[in-house]
Amino acid sequence: MKKTKTVLLLILGVALLGFSFSKPEKEVETSKKANLKKTSLNQPNVIMLALDDLNDWINPLGYAQAKTPNFDRLAKAGVNFTNAHAPNSYCAPSRSAIWTGLQSSTTGCYKDEVFHYDYPNLLPMHLAFKKGGYDIYGAGKLFHHRAGFVDLRGWNEFYTRTKEVKEVGYEMGYRGKDLPFPDPYPYSPYYIKQGKKIKGGPFLEWAPIPNELSEEMLDNKRTNWVCDLLKKEHKNPFFIAVGLYTPHFPNYAPKKYFDMYDLDKIEIPDFYENDLDDLPAPVREYAIRRKAQHHDKLVKLGLMKEAYRAYLACVSYADAMLGRILDSLEASSYKDNTVFVVWSDQGYHHGEKGDWGKHTLWQETSHVPFIFAGSGLEKGVNVNATVGLIDLYPTLAELCNLPKQHKMDGISLAPTLKGKPMKDRDLLVPYHKRGSYSVINSNWRYIHYNDGTEELYELKKDPNEWYNLATKESYREVINKLKKTAPKEFRKPATPKKSLSLVIKNDTMYWKSKNGGKPQINL
């Protein structure tokens, strides 16, 4: 069974497209009675839903095993970019790039650096909306989920479910005394069968949560917050951004989503036995160690289908939360002028190249869903040209008529969304290690490591990236052309988080240097 990966970004103006989404009758009556001010077509409202580690296991991207009816209805309403990619291989820098419109190679935010510490004068996307006259609302994992990474500046409200969340620096992961956890904990047979305890993050932990506790779950609370906002009167155009944690580990979802998938019918893709043999030596050695640590153990324990089902359950759970927001939007007075955005920071490996996770320069990490829909935009169109989530900020800036911002590394996709044909391009995806990167287009993926080693894959002939062509001299011309996309100089890393202290005061927080250092400020 063919498997694809994707980071998800969807931008949707629902009712303007003429599509009718199912909605609760009671909410429809409420919206009919409301007499709310509507925004101009030059500045539509925006709702942005961010997902975490969601790959392309959704129906609109060809993965038939997943049950994703709400992604289906979105794809039918807009422009589906089938070859879209995350801006980095790692969560924090990927999200920093999305919010700033600048690549890691430009900012030096390669791993856990805090962009709003080093560049307080840089205008991130949410503040561009603020400057453009929008009221801005946020919740959940929009930035990195660790304490101190949320950029709190400018929000009319940044929702947090408890006082405890604020007191620990707006930690956005699946943590907290108010959340339901499985009993026993850990629940996953990956831990139980090996007699292991969870140390650090709950990697490869999964469990069905009793359905009656679903409204207590992290992402239900955040979704309900968005739905409640849509029932209120907004005199100004609004930008609402909410970040769900699913399907990031732990793979917790209400039991009904696990029940959607028959374990005996779960299909596992074919893996190429010699896939790692032609990788550069340092990469191959690391990949072999990682394969032995996780993938080989899952196979030996007979847990592959269970691991796949847990992830698929979380994908369907995320789909249901998306549907809940779409239904509330359709029932509101804002449905005629709202853009809806959904994205995920990376894809995710499920055994490909022996890996379980991200943090690679291969297709499984970078390839992401990306769908736009809204007033005046094309409908039901697939665009195969190469794009990236680095394009999100400039695209929204043009669609929403925001004030001119700093020069960004991405491009606006607004002309393509309105019907202008788009040529393919060579897209840079920096790695979380300075100087390493990939360059991607519709037919090639070139990978360059900072030790000078390389990989090259011809994607139309080898979509699984099983055969590395970089050592063949006949492909040197292709490699040299793709290398021209990379900058001559990658910016030195910004201030590492380990050299900073987080100061938390009441509902706010800020970073300060442990040794008297100063932020970079200027790019």
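Each residue is numbered by its place in its chain's sequence as written, counting from 1. Per-residue local features are limited, in this predicted model, to residues with pLDDT of at least 70; the limit for side-chain atom pairs, both in listing and counting, is 80 or more; totals at the level of whole chains, interfaces and linings are taken over all residues. The side-chain numbers reported here are obtained from all heavy atoms of the structure, hydrogens and water having been left aside.

*Asks:* Just give me the short version of the overall build of the protein chain, but keep the residues and values in it.
*Replies:* Runs of H or I in DSSP of at least four residues are treated as helices and runs of E of at least two as strands, each being numbered from the N terminus. From N to C terminus, the protein chain includes 16 helices and 19 strands. The size measure is the radius of gyration over C-alpha atoms, and the globule rule it meets is 2.2 Å times the number of residues to the 0.38 power. The C-alpha radius of gyration of the protein chain comes to 22 Å, within 12% of the 24 Å expected for a compact globule of 523 residues. Projected onto its principal axes, the C-alpha coordinates of the protein chain cover approximately 65 × 55 × 50 Å. Looking at the protein chain residue by residue over its 523 residues, the buried ones come to 61%. A separation threshold of at least 6 residues defines the contact pool for the protein chain, and within that pool the share at least 24 residues apart is 74%. Computed by Shrake-Rupley with a 1.4 Å probe, the accessible areas treat only the displayed protein chains as cover when residues are assessed. Accessible surface, the protein chain: about 21,100 Å² in total, of which carbon and sulfur atoms supply 49%. Mean positive and mean negative side-chain charge positions of the protein chain (74 and 61 charges, respectively) differ by 5 Å. Only protein chains enter the accessibility calculation, which uses a 1.4 Å probe; a residue whose area is less than 20% of its type maximum is buried, one above 50% is exposed, and one in between is partly exposed. Pairs of residues are marked as contacts when any of their non-hydrogen atoms sit within 4.5 Å. We count Lys and Arg on the positive side and Asp and Glu on the negative side, and we leave His and both chain ends out. Note on charges: their place is set at NZ of Lys, CZ of Arg, CG of Asp or CD of Glu.

*Asks:* Outline the pattern of salt bridges, listing residues and values.
*Replies:* A pair is scored as a salt bridge if a Lys or Arg side-chain nitrogen falls within 4 Å of a carboxyl oxygen belonging to Asp or Glu. Under the criterion given, the structure shown has 24 salt bridges. Two residues, Lys141 and Asp52, come together in a salt bridge whose shortest N-O distance is 2.6 Å. Pair noted here: Lys141 is in the loop between strand S4 (135-140) and strand S5 (157-159) and Asp52 is in the loop between strand S2 (45-51) and helix H2 (69-75), with a separation of 89 residues, a long-range link. For Lys141, a relative accessible area of 0% gives the class buried. Via salt bridges that share partners, Asp52, Arg95, Lys141 and Asp345 belong to a single interconnected network.

*Asks:* I'd like a description of unusual backbone geometry, backed by residues and values.
*Replies:* Of the consecutive residues Asp183 and Pro184, the connecting peptide bond is found in the cis state with omega at 10°. By the element assignment, Pro184 lies in the loop between helix H7 (163-167) and helix H8 (189-192). Of note, Ile521 is a non-glycine position whose phi angle comes to about 65°, a positive value. Note on placement: Ile521 falls in the segment after strand S19 (508-513).

*Asks:* An account of the nonpolar core is needed here, citing residue identities and associated values.
*Replies:* Membership of the largest hydrophobic core comes to 66 residues, with the highest contact counts inside it found for Ile47, Leu49, Trp206, Trp225, Ile240 and Phe340. Per-element tally for this core: the top contributor is helix H12 (residues 304-330), with 16 residues. The nonpolar core is taken to be a set of buried Ala, Val, Leu, Ile, Met, Phe, Trp, Tyr and Cys residues, with the residues joined through side-chain atoms within 4.5 Å.

*Asks:* Hey, could you go over a positive patch on the surface for me, with residue numbers and the actual values?
*Replies:* Patch definition: residues above 30% relative accessible area lacking any salt bridge, with like charges linked at up to 9 Å and the nonpolar side chains Val, Leu, Ile, Met, Phe, Trp and Tyr linked at up to 5 Å. Together, Lys196, Lys197, Lys199 and Lys297 line one region of the surface with positive charge. Considering the arrangement of structural elements, one finds Lys199 in the loop between H8 and strand S6 (206-209). Judged by its relative accessible area of 74%, Lys199 falls in the exposed class.

*Asks:* Residues and numbers for the environment of Lys256, please.
*Replies:* Checked against the element boundaries, Lys256 lands in helix H10 (residues 255-258). For the pair Lys256 and Lys111, spaced 145 residues apart in sequence, the C-alpha separation works out to 36 Å.

*Asks:* Any chance you could break down the packing of helix H9 (residues 218-229) against H12 for me, citing the residues and the numbers?
*Replies:* Where H9 contacts H12, the axes come no closer than 9 Å and their chain directions differ by 15°. Here H9 is positioned roughly parallel relative to H12, judged by the angle of their axes. The crossing of H9 and H12 is right-handed. Mapping the contact onto sequence places Asp219, Asn220, Thr223, Asn224, Val226 and Cys227 in H9 and Tyr317, Met321, Arg324, Ile325 and Ser328 in H12. Three classes are used, and their members are as follows: Ala, Val, Leu, Ile, Met, Phe, Trp, Tyr, Cys and Pro are nonpolar, Asp, Glu, Lys and Arg are charged, and the others, Gly among them, are polar. A class-by-class count of the residues in the contact of H9 with H12 yields 5 nonpolar, 4 polar and 2 charged. Note on geometry: axes are lines fitted to C-alpha atoms, helical ones only across the stretch in contact, with angles between N-to-C directions running from 0 to 180 degrees. Angle categories are assigned with fixed cut-offs, so that under 35 degrees is roughly parallel, over 145 is roughly antiparallel, 65 to 115 is roughly perpendicular, and the rest are oblique. The crossing is said to be left-handed when, going from far helix to near helix, the turn is anticlockwise and less than a right angle, and right-handed when the turn is clockwise.

*Asks:* Please provide a residue-by-residue account of the confidence of the model for the protein chain, values included.
*Replies:* A score from 0 to 100, pLDDT tells how confident the predictor is in each residue. Overall, the predicted model of the protein chain reaches an average pLDDT of 91, with 92% of residues at or above 70. Low pLDDT, under 50, characterises residues 1-38; the predicted model gives this stretch 154 contacts beyond four residues in sequence or across chains.

*Asks:* Tell me what's going on with the environment of Ala147, and back it up with residues and numbers.
*Replies:* Within the element layout of this structure, Ala147 appears in the loop between S4 and S5. Between the C-alpha atom of Ala147 and that of Gly169, which follows or precedes it by 22 residues, the distance is 4.5 Å.

*Asks:* Account for the side chain of Thr395, with residues named and values stated.
*Replies:* Within the secondary structure layout, Thr395 lies in helix H14 (residues 392-399). With relative accessibility at 0%, the residue Thr395 sits in the buried group.

*Asks:* Could you give an account of the sheet that holds strand S14 (residues 427-430), with specific residues and numbers?
*Replies:* Strand order in the open sheet formed by 4 strands is S14-S15-S16-S17, with antiparallel pairing between adjacent strands. Of all the strands in the sheet, just S14 and strand S17 (454-458) have a single pairing partner and so form its edges. Between one strand and the next, the sheet's axes are offset by a mean angle of 15°, whatever the strand orientation. Where strand S16 (residues 444-448) lies against S17, 5 bridges are found, and the strand directions are antiparallel. Note on S17: the bridge partner recorded for Ile447 is Glu455. Note on pairing: two strands pair once DSSP finds at least 2 bridges between them.

*Asks:* If you had to explain the packing of aromatic side chains to someone new, which residues and values would you point to?
*Replies:* Stacked, tilted and edge-to-face are the three classes assigned to paired rings of Phe, Tyr and Trp, where Trp is represented by its six-membered ring and a pair needs centres within 6.5 Å; plane angles under 30 degrees give stacked, over 60 edge-to-face, the rest tilted. Counted under the stated rule, the structure contains 33 aromatic pairs. Considering the side-chain rings of Trp57 and Tyr311, the 5.2 Å spacing of their centres and the 90° angle between planes classify their relative orientation as edge-to-face. On the criterion of sequence distance, the pair formed by Trp57 in the loop between S2 and H2 and Tyr311 in helix H12 is long-range, its members being 254 residues apart. Residue Trp57 is classed as buried on the basis of its relative accessible area, which comes to 0%. With centroids separated by 5.8 Å and ring planes inclined at 20°, the aromatic side chains of Tyr437 and Phe490 adopt a geometry described as stacked. In this pair, Tyr437 sits in strand S15 (residues 437-440) while Phe490 sits in the loop between helix H16 (476-483) and strand S18 (500-505), placing the two residues 53 residues apart along the sequence.

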